Amino acid sequence: MLAVQHPEDVGALLLVCTTCRSSPDVKEILEERIRQARLNGAEAAAHLATKVIFSSGFTAANPARLEEFVRWRAAMDQGALAEATRAAYDFDIANKLRAIQVPAQVVYGEFDALTKPQFVKEVAEALPEGTELVGVSGAGHMLPIEQPQAFEEIVSAFLDQHYSLDSNGAQP
């Protein structure tokens, strides 16, 4: 939203696992999480979240990391989490993305079930010509957790390309 509302403050844009419009399917998934938190507790909702935000490969290979995530997520203020979740409903900024005139890169996880690759691709297509679309194989919505090395390489390359520093530590 910053790039749409204040484009003068953005020099380059890296978007990861995001979309430009809300999806009715995702709204249903997120409402079910909120319902589970209310009916069965925060842990039940956090377990439900893991099924959507992590790829099945990561889930199968990392049960301890998932439990760590569940504890972290369950410890959050559930009311604030529900409000933050609902704030993402019913938005559509696709028609505003063309106004962004800075270099951009859009990154998605191959198995992201929350912001599905076809919706992430829509973001790249709505941004100016030259926007780079990068898919990370084997990753779900939590790409930085599932594929930290690939994510670090993508971010580092983007920053080096668009925000490199000269020998005095200043941006040229």
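Everything below is about the structure shown above.
What this report covers is the structure whose coordinates are included nearby. These numbers were taken from a predicted model, which means no experiment stands behind them. (Residues numbered from 1 in each chain as written. Predicted model: local features only at pLDDT ≥ 70, side-chain atom pairs only at ≥ 80, totals over all residues. Heavy atoms only, no water.)

1. Describing the packing of aromatic side chains
As a reminder of what qualifies: Here is the rule: rings of Phe, Tyr and Trp (six-membered ring for Trp) pair when centre to centre is within 6.5 Å. Planes less than 30 degrees apart are stacked, more than 60 are edge-to-face, and the remainder are tilted. Throughout, exposure labels follow a simple rule: accessible area from a 1.4 Å probe, protein chains only, divided by the maximum for the residue type, with under 20% read as buried, over 50% as exposed, and the rest as partly exposed. To qualify as a helix, a DSSP run of H or I must reach at least 4 residues; to qualify as a strand, a run of E must reach at least 2; elements of each kind are numbered from the N terminus.
Taken as a whole and assessed by the stated rule, the structure comprises 3 aromatic pairs. Centroid distance Phe54 to Phe58: 5.2 Å. Interplanar angle 15 degrees. Geometry classified as stacked. The burial state of Phe54 is the same as that of Phe58; both residues are buried. Residues Phe69 and Trp72 carry aromatic rings whose centres are separated by 5.7 Å and whose planes lie at 50 degrees to one another, so their mutual orientation is tilted. One end of the pair, Phe69, and the other, Trp72, are both in helix 5 (residues 63-74), 3 residues apart, so they sit about a helical turn from each other. Joined through ring pairs, the aromatic side chains of Phe54, Phe58, Phe69 and Trp72 make up one cluster.

2. Points about helix 3 (residues 42-53)
Threshold: Expected helix span is given by 1.5 Å per residue-to-residue step, counting one fewer step than there are residues. Picture the helix axis, draw a direction to every C-beta atom, and the arc is the one those directions span.
Over its 12 residues, helix 3 extends 16 Å from the first C-alpha to the last, a length consistent with the 16 Å expected when each residue adds 1.5 Å. For helix 3, the set of buried residues is Ala42, Ala45, Ala46, Ala49, Thr50, Val52 and Ile53. Buried residues along helix 3 cover an arc of 165 degrees about the axis, so they all sit on one side.

3. Some remarks on the nonpolar core
Here is the rule: What we call a nonpolar core is a set of buried Ala, Val, Leu, Ile, Met, Phe, Trp, Tyr and Cys residues that are connected through their side-chain atoms within 4.5 Å. Here, residues are in contact when the closest pair of their heavy atoms is within 4.5 Å.
Formed by 19 residues in total, the largest nonpolar core has its most connected members in Leu13, Leu97, Ile100, Val106, Val123 and Leu127. Among the secondary structure elements, those contributing two or more residues to this core are helix 1 (2-5), strand 1 (13-16), strand 2 (104-109) and helix 7 (117-126). When residues in this core are grouped by element, the largest group, 4 residues, is from helix 7. Residues in contact with Leu127, not counting those within four places in the same chain, are Leu15, Leu97, Arg98, Ile100, Ala104 and Val106. Leu30, Ala46, Phe69 and Ala82 belong to the second largest nonpolar core, which has 16 residues in total.

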